[in-house]
Amino acid sequence: VSEVRLGIFAKTFARSSPEGVFDALASHDLRETQFNMSVAGLPSMPDEIDPALADRVREAAAERNIALVAVSGTFNMIHPDAEVRRDGLRRLGVLAGACERLGTSTVTLCTGTRDPEDMWRRHPDNARPEAWRDLLATMQEALETAEEHSVTLAFEPETGNVVDSAEKGRRLLDEMRSPRLKVVMDAANLFDAEDPARRLSRSEEILEEAFELLGGDLVLAHAKDVKRSGEVVAAGKGDLDYDLYLRYVSEAGYSGPLVLHGLAEEEVAGSLAFLRRKLAKVGIGED
């Protein structure tokens, strides 16, 4: 039986120290977090990570019984400038090298876009064969880094990125053939496309396909919501069919964290209450 535990993006809580952020998590009875180096006062993808800082993060989390289920390692994997891609890969190496000290073994990725300014923004050239070739080349290097540091890389199909569907996610997994490459499932990201209302009306079909293609490779699940207008909102405030989403999560046999993000701190309590109700209904919540 799958068991899903609620977690949250650490950077949901703006505090001056990692300890303060972990205290905020614990105050909501949350024990799982997707970490971001910005919480420790560094850029998300730092040039270097002081081992003492990484140790401090791991110890502070352990003292509060909080697991770092992943750390964000997003950079634009198909940036039009090869130099930017190389720099991203170098920083990924820094982060992967700190994972053991941080106390995590999963790094989340962004497959990227040809948009040079914003790695989450759709670009017409994302569909070109060259974009896919660049993704494979960058991913190959990223996986060599992952192998070297014994970490898992997790990408997420996002409508603005080169991997913009479950189908492309499956293709990437099949072409890379690496046990170190896994998937983050975020149902909301399958809908915030050109016509979210039309896509939401086909929720069952879209979610069924996503879980059929990727359900066996999930390492993380995310929880945010999306309105028919395409606006991304906190879980429980949009039009996503959470009963359906969580049923598929359960049927995939996924046991792991369901990580909230895309919400403000004052929305946390409401979203948690919503998700706890939904998880209980599907029978996969914490006892």
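For the structure, check the block above.
This section reports on the structure supplied with the text. (Residues numbered from 1 in each chain as written. Predicted model: local features only at pLDDT ≥ 70, side-chain atom pairs only at ≥ 80, totals over all residues. Heavy atoms only, no water.)

1. Points about the nonpolar core
Definition in use: The criterion is simple. A nonpolar core is a set of buried Ala, Val, Leu, Ile, Met, Phe, Trp, Tyr and Cys residues joined through side-chain atoms within 4.5 Å. We call a residue buried when its accessible area falls under 20% of the maximum for its residue type, exposed when it is over 50%, and partly exposed in between, using a 1.4 Å probe and counting protein chains only. In what follows, a contact means two residues having at least one pair of non-hydrogen atoms within 4.5 Å.
Of all hydrophobic cores here, the largest spans 88 residues; its most connected members are Phe35, Tyr245 and Leu258. Filtering out sequence-adjacent residues up to four positions away, tyrosine 245 remains in contact with Met185, Asp186, Ala187, Leu207, Phe211, Ala221, His222, Leu240 and Leu258. Core analysis: the next-biggest nonpolar cluster, separate from the first, contains 7 residues, Val69, Ala70, Val184 and Val259 among them.

2. Observations concerning the pattern of salt bridges
Side chains carrying opposite charge are able to pair once their charged atoms draw close together. To keep it simple, the criterion reads: Each salt bridge in this description consists of a side-chain nitrogen of Lys or Arg and a carboxyl oxygen of Asp or Glu lying within 4 Å of one another. The helix count covers DSSP runs of H or I at least four residues long, the strand count covers runs of E at least two residues long, and both are numbered beginning at the N terminus.
Enumeration over the complete set of coordinates arrives at 33 salt bridges. With a shortest N-O distance of 3.7 Å, aspartate 134 and arginine 85 are connected by a salt bridge. In this pair, aspartate 134 sits in helix α4 (residues 129-149) while arginine 85 sits in helix α3 (residues 82-102), placing the two residues 49 residues apart along the sequence. Residues glutamate 147 and arginine 180 are paired through a salt bridge, measuring 3.2 Å at the closest nitrogen-oxygen approach. Of this pair, glutamate 147 sits in helix α4 while arginine 180 is found in the loop between α5 (166-176) and β6 (181-186), placing the two residues 33 residues apart along the sequence. Several salt bridges share partner residues, and in doing so they unite Asp47, Asp87, Arg90 and Arg91 into one network.

It is worth stressing that arrangement in space is one thing and function is another; only the former is reported here.
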